There are 2 protein chains.
Amino acid sequence: MSKPVTISDVAARAGVSPTTVSHALSGRRSVSPSALARVKQAADDLGYRPNQVASSLRTQRTHTVALIVPDIANPYYPAVARGLHDAIAADGYYTTIGSTDGERETELGFLDEMVRRSVDGIIVFAFAMGEEDLTRVVPARIPLVVATHNLTNAHDQVNSDDPAGTETATRHLLAQGITEIAFVSGPKGRGPGDRRLTGYTQAMHSAGIVPTASDIIRSDYTVAGGRQAVGELLSRPRPPRALVCANDLIAIGALEAARDAGVAVPADLAVIGFDDVDAASLVAPPLTTVVNPAYEMGRQCGRLLLDRLIEGYDGPPRSVVVPTHLIIRATA
Amino acid sequence: MSKPVTISDVAARAGVSPTTVSHALSGRRSVSPSALARVKQAADDLGYRPNQVASSLRTQRTHTVALIVPDIANPYYPAVARGLHDAIAADGYYTTIGSTDGERETELGFLDEMVRRSVDGIIVFAFAMGEEDLTRVVPARIPLVVATHNLTNAHDQVNSDDPAGTETATRHLLAQGITEIAFVSGPKGRGPGDRRLTGYTQAMHSAGIVPTASDIIRSDYTVAGGRQAVGELLSRPRPPRALVCANDLIAIGALEAARDAGVAVPADLAVIGFDDVDAASLVAPPLTTVVNPAYEMGRQCGRLLLDRLIEGYDGPPRSVVVPTHLIIRATA
DNA sequence: CTGTTAGCGCCTTCAT
DNA sequence: ATGAAGGCGCTAACAG
């Protein structure tokens with residue numbers, strides 16, 4: 001259990017002051033070649049590794065970014081995390097991830113802890129809390145990127161272009177002459193369903209069709225939920241010819257419901273999902289869906305943060321919209 | 001850009017010393033009721049939040065655990081991360097995750113940085129580096145849990161019971177009277193394929209069958225790789241009647257290859273996967289597979305760490321084996 | 001029950 | 001080109 005090597009140890013061995021060691025290793029001020037060589041040698045010999053905690057206390061920088069999501073095990077977020085990682089790793093930033101299960105208390109607790117830890121930036125995907133909570137818990141000095149739609153005007157934000165995605169999907173169906181199209185959403189006011197609904201409505205209106213209440217189905221964002229909701233839908237006297245679903249899991253549930261009911265996809269029922277999770281290309285038949293670029297979302301969040309952290313951008317909040325696009329497989 | 005509130009600010013407002021504030025808030029030594037009340041009030045008024053960086057420098061504890069994996073976007077690892085999170089969050093530990101793409105330099109760099117940051121523990125799932133690298137980079141004082149098979153005797157380790165899993169899977173096929181069973185592995189010496197192969201071999205031997213070299217197929221761990229390898233296999237003059245695959249992605253590729261070749265599953269070709277990723281239950285037909293409990297793996301890693309970090313266990317390295325089990329769906 | 005003192009390891013003036 | 005000194009904010013040892 002030998003003690004870690006400190007900068008003083010290196011200084012002693014190199015016959016210089018700690019100050020010179022610090023500068024020799026950081027390059028922040030010039031050091032004579034001979035001193036430089038001796039310091040490097042000594043550091044090497046001793047296996048010196050600068051203590052980042054001490055450095056952070058002194059410099060007020062931790063080179064750490066906090067990512068707060070509902071559940072890292074939900075297939076969407078790992079891709080976000082990876083995109084973020086790839087955007088910031090090269091500049092020496094690391095990520096601490098918190099899963100909050102969408103519970104307000106947990107979210108607040110995690111944010112509070114990250115502030116205590118002096119993280120250099122925070123990225124928020126989770127949201128049971130409101131904007132007031134956010135501004136109360138996170139001091140203005142810490143850059144914040146919000147990736148939950150419509151929540152903020154006070155912070156940088158990154159969103160995927162959900163309306164454009166479902167609009168394109170719906171148009172794809174309309175172009176095939178299909179007009180009886182239902183939208184299968186999540187619970188009202190929760191998650192991206194509402195934003196995605198607007199694109200569908202938009203496209204329908206453009207085609208001169210006014211969707212009725214019975215064309216908009218509420219589900220949750222799971223396979224089981226989609227299966228049940230669509231099962232009921234298919235037992236109606238006059239079921240729709242196509243479905244635009246708020247996410248892939250619902251769409252996969254819809255596929256199962258169609259199979260249960262002996263309805264052929266896409267001949268009798270066309271199905272389009274949203275997200276393009278891995279499973280989308282693996283189900284049978286492979287799912288036509290809107291690509292929601294999670295990786296890119298994470299990357300953009302990282303870039304906005306670095307812009308403030310490294311480039312010194314200090315202007316007003318900015319909004320990045322990440323484009324979505326339709327990928328046509330076999331269900332529509 | 002107001003400066004953060006420090007313990008001295010609280011002390012001044014409460015009319016006590018910083019020491020008393022520290023103890024009042026941590027409860028590590030008793031404080032008079034009146035002082036306690038004044039401190040709490042003052043802390044509340046000022047919105048004081050203890051600086052964890054300073055605390056860490058003083059206490060030599062960061063309450064942070066590093067998790068190193070090849071790729072957080074690979075569906076297996078988020079479940080591990082969640083299991084770890086759930087095991088340690090209640091005790092105030094947080095996780096920093098590094099994706100290394102299995103590159104030795106990246107792995108070493110990440111580990112080195114985590115040591116500099118004085119993390120309290122490290123969990124290693126990634127491995128291009130060898131055990132010498134590990135012991136060289138990570139000082140003995142930092143508890144380490146290794147979840148890469150057979151790499152260590154010097155550290156705590158957590159493994160899933162791979163051999164038992166494939167043995168059960170193979171027996172399940174043998175019990176149906178099927179004897180022409182091939183094993184589709186990954187690249188030799190990389191990943192869990194070799195360990196999973198042993199269970200297959202074991203079961204075959206028990207049934208008096210000696211697999212030949214042509215019964216063991218090399219692929220990578222992807223859908224595309226599995227599809228191609230099994231495609232070639234099926235074009236042999238006398239293809240096997242069943243496949244035990246080293247992971248689910250390979251198995252899903254096998255399903256595609258069977259469809260390509262017009263081979264009926266499971267009637268003409270039975271297929272068993274490994275892992276039980278989400279997609280396994282979603283493909284058609286739903287995949288029979290061995291459940292490899294990623295969440296539980298992560299949880300056990302966390303427990304081993306906490307045992308040393310909190311309980312003060314200081315004995316020899318321990319090994320935890322997480323059981324696997326077969327889940328029978330429609331492909332075998 | 002409370003306070004004073006010291007120092008965790010580093011970086012950054014300031015002085016030379 | 002180099003060093004001495006001070007302090008980031010906190011907590012532990014020591015003293016009362």
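Preceding this paragraph is the structure being described.
Residues numbered from 1 in each chain as written. Chains lettered and ligands numbered in written order. Predicted model: local features only at pLDDT ≥ 70, side-chain atom pairs only at ≥ 80, totals over all residues. Heavy atoms only, no water.

Trainee: Talk me through the pattern of salt bridges; I want residue IDs and the actual numbers.
Mentor: In total, this model carries 48 salt bridges over all chains according to the counting rule given. For Arg-13 of chain A, the salt bridge is made with Asp-45 of chain A, and the minimal N-O distance between the two is 2.5 Å. Note that Arg-13 of chain A is positioned in helix α1 (residues 7–14) and Asp-45 of chain A in helix α3 (residues 33–46), a separation of 32 residues in sequence. By relative accessible area, which is 40% here, Asp-45 of chain A ends up partly exposed. What you see here is one network of salt bridges that share partners, running through Arg-49 of chain A together with Asp-112, Glu-113, Arg-116 and Arg-117 of chain B. (Salt bridge = Lys/Arg side-chain N within 4 Å of Asp/Glu carboxyl O. Helix = DSSP H or I, 4+ residues; strand = E, 2+ residues; numbered from the N terminus. Buried < 20%, exposed > 50% of the residue type's maximum accessible area, 1.4 Å probe, protein only.)

Trainee: Tell me about α1 of chain A, and name the residues and values.
Mentor: Structurally, the α-helix is built with 3.6 residues per turn, so residues lying three or four positions apart point the same way. Residue and element names in this part refer to chain A. Buried residues of α1: Val-10, Ala-11 and Ala-14, and no others. Looking down the long axis of α1, one finds its buried residues gathered within 100° of arc, a one-sided arrangement. Those residues of α1 that are buried are in contact with α2 (18–26) and α3. Following α1 by one or two positions, Gly-15 has its phi on the positive side, about 70°. (Arc of directions from axis to C-beta. Contact = heavy atoms within 4.5 Å.)

Trainee: Talk me through the interface of chain B and chain A; I want residue IDs and the actual numbers.
Mentor: In this complex, chain B contributes 50 residues to the contact, which on the side of chain A involves 49 residues. Interface area for chain B against chain A, summed over the two sides, is near 4,100 Å², with a carbon-plus-sulfur share of 60%. Where chain B touches chain A, the interface holds six salt bridges. When the shortest N-O distance is used, the salt bridge between Arg-49 of chain B and Asp-112 of chain A registers 2.7 Å. (Buried area = accessible area lost by both parts, 1.4 Å probe.)

Trainee: Requested: an account of the protein's contact with DNA strand C, with residues and values cited.
Mentor: Around DNA strand C lies a shell of 26 residues, among which Ile-7, Tyr-48 and Arg-58 of chain A together with Ser-30 and Ser-32 of chain B are the nearest. Tyr-48 of chain A has a polar side-chain atom sitting 2.6 Å from a phosphate oxygen of DNA strand C. Take Arg-29 of chain B: an N or O atom from its side chain is 2.8 Å from a base oxygen of DNA strand C. For the surface near DNA strand C, the elements supplying multiple residues, two or more each, are α2 and α4 (52–59) of chain A together with α2 (18–26) and α4 (52–59) of chain B. Ranked by residues supplied to the surface near DNA strand C, first place goes to α4 of chain A with four residues. Of the residues in the surface near DNA strand C, the class split is eight nonpolar, 13 polar and five charged. (Near = heavy atom within 4 Å. Polar contact = N/O pair within 3.5 Å; in protein donor to acceptor, adjacent residues only side chain to side chain. Nonpolar A, V, L, I, M, F, W, Y, C, P; charged D, E, K, R; others polar.)

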